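The residues making up each chain are set out below.
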Amino acid sequence: MSQQPDGEAAVGFFEAESHKLCPIDACLILSPRLNQNLSELRKVEWCGRLANFAEIEMFADERDERVMITLRESLGAPGSEALAHDFLARLPGVVSVAISGGRGLLVFGGKALPYRVGEFNYRVSPTSFFQASRFLLEELVEAATGGETGGLAIDLFAGVGLLTLPLARRFEEVVAVEAHAPAAADLAANAAACGLRNVRAIAETAYDFLRRFARSEPDLVVVDPPRAGVGLRTLKFMAAMRPRRIHYVSCHPPTLARDLAFLVSHGFALNSIELFDFFPQTFHIECVARLRLTQHANP
Ligand SMILES: C[S@@+](CC[C@H](N)C(=O)[O-])C[C@H]1O[C@@H](n2cnc3c(N)ncnc32)[C@H](O)[C@@H]1O
């Protein structure tokens, strides 16, 4: 965002490999609700009041009705609480405004955004991760969790439990590991809200969890890491645990390829890869790779 001579804000994307703004009127693949809010925020009256914020994040629910806004302060922005109240009163669909910065996290309106996928409701707090495309989510969840049942499933990089809750319907026990404590708290609350007593939520990195987890041969390990991928040092512990199946959800094919090469050379065979075009007309692609332990596994 930058200010134009008429006082209105220009909103857009950075040009490739630069911080030069390429202004747009609306983004064709953004939700209508968020486009509506963006054009409001462009107006002169908001522009000056947003100058002290380094970042604005907007998140709409699955029906594209309710919106949560998170503002990141750069300089302890004066008047930020009044701004939050004005957003709640006047921006379309905005039900929650969070301000993060030097004073920690202040939340106005709803403490979290409710989001429904399939039969489950998820509470998503302001700093917790949630998937950014609402159209193929049920299909992604089915690809990542479907077709398997058994005793123990482990969900690594679990977020607020998007994959954990469906797994808990299919497995006797699910251990869900999420490094960001507020997201792990959302996960525990989401499991409790649907009466799933077989879920254990652990607020820890996948690496720290795996290196002290003593049980072996779980029926399924699901991983859904950020763009950096799982990484070889964590994969070593994962492979040594000898899960019968691994489902790897990835938003970044280069790190997926690196991690799959490791797993394939450590006793796992690749059964399938499915691609989900979450962000049409961009190069981004979401993948679900399904692997199985071979008899000759030698991690
Ligand atoms: C791509 S998101 C996937 C979340 C969830 N599976 C979903 O689909 O909504 C990755 C998650 O991994 C968490 N994370 C990042 N680094 C981690 C680590 N080293 N160990 C465990 N979780 C981590 C992030 O906080 C985020 O919630």
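Above this text you will find the structure in question.
Residues numbered from 1 in each chain as written. Predicted model: local features only at pLDDT ≥ 70, side-chain atom pairs only at ≥ 80, totals over all residues. Heavy atoms only, no water.

Caption draft 1: Seen up close, helix 3 (residues 80-90). Within the sequence span of helix 3, burial applies to Ser80, Leu83, Ala84 and Phe87. Relative to the axis of helix 3, the buried residues are bounded by an arc of 105 degrees and lie together on one face. Summarising the contacts, the buried residues of helix 3 are in contact with helix 1 (32-41), helix 2 (44-47), strand 5 (53-60), strand 6 (67-73), strand 7 (94-101) and strand 8 (104-109). (Buried < 20%, exposed > 50% of the residue type's maximum accessible area, 1.4 Å probe, protein only. Helix = DSSP H or I, 4+ residues; strand = E, 2+ residues; numbered from the N terminus. Arc of directions from axis to C-beta. Contact = heavy atoms within 4.5 Å.)

Caption draft 2: A look at the pattern of salt bridges. A full pass over the atoms with the stated rule returns 20 salt bridges. Between Arg215 and Glu173 there is a salt bridge, with its nearest N and O atoms 3.0 Å apart. In this pair, Arg215 sits in the loop between helix 7 (206-212) and strand 14 (220-223) while Glu173 sits in strand 12 (residues 171-178), placing the two residues 42 residues apart along the sequence. Among the residues examined, Arg215 registers a relative accessible area of 38% and is labelled partly exposed. Here Asp208 ties to Arg211 by a salt bridge, and the two come within 3.2 Å at their closest N and O atoms. (Salt bridge = Lys/Arg side-chain N within 4 Å of Asp/Glu carboxyl O.)

Caption draft 3: Representation of the packing of aromatic side chains within the structure. Scanning all chains against the criterion turns up 9 aromatic pairs. When the ring of Tyr207 is compared with that of Phe237, the centres are 5.6 Å apart and the planes differ by 75 degrees; the resulting orientation is edge-to-face. Taken as a pair, Tyr207 in helix 7 and Phe237 in helix 8 (residues 232-240) lie far apart in primary sequence, 30 residues in all. What makes Tyr207 buried here is its relative accessible area of 17%. A relative accessible area of 32% places Phe237 in the partly exposed class. On the basis of an interplanar angle of 35 degrees and a centroid distance of 4.7 Å, the ring pair of Phe209 and Phe213 is categorised as tilted. Using a relative accessible area of 0% as the deciding quantity, one classes Phe209 as buried. (Phe/Tyr/Trp six-rings, centres within 6.5 Å; stacked < 30°, edge-to-face > 60°.)

Caption draft 4: Highlighting the site of the ligand. Residues in close proximity to the ligand total 15 residues, the closest being Gln131, Phe157, Glu178, Ala206 and Asp224. Between the ligand and the protein, one listed contact pairs a nitrogen atom with a backbone N or O atom of Ala179 at 3.2 Å. Within the contact set of the ligand, a nitrogen atom lies 2.9 Å away from a side-chain nitrogen or oxygen of Asp224. Here the shell around the ligand is composed, by residue class, of 8 nonpolar, 4 polar and 3 charged. (Near = heavy atom within 4 Å. Polar contact = N/O pair within 3.5 Å; in protein donor to acceptor, adjacent residues only side chain to side chain. Nonpolar A, V, L, I, M, F, W, Y, C, P; charged D, E, K, R; others polar.)

Caption draft 5: Inspection of the pairing of strand 9 (residues 113-117) at higher detail. The two faces of strand 9 differ: Leu113, Tyr115 and Val117 on one face are buried, but Pro114 and Arg116 on the other face are not. Bridge analysis of strand 9 against strand 10 (residues 120-124) gives 5 bridges, and the strand direction is antiparallel. Along strand 10, the bridge assignment pairs Arg116 with Asn121. (Pairing = 2+ DSSP bridges.)

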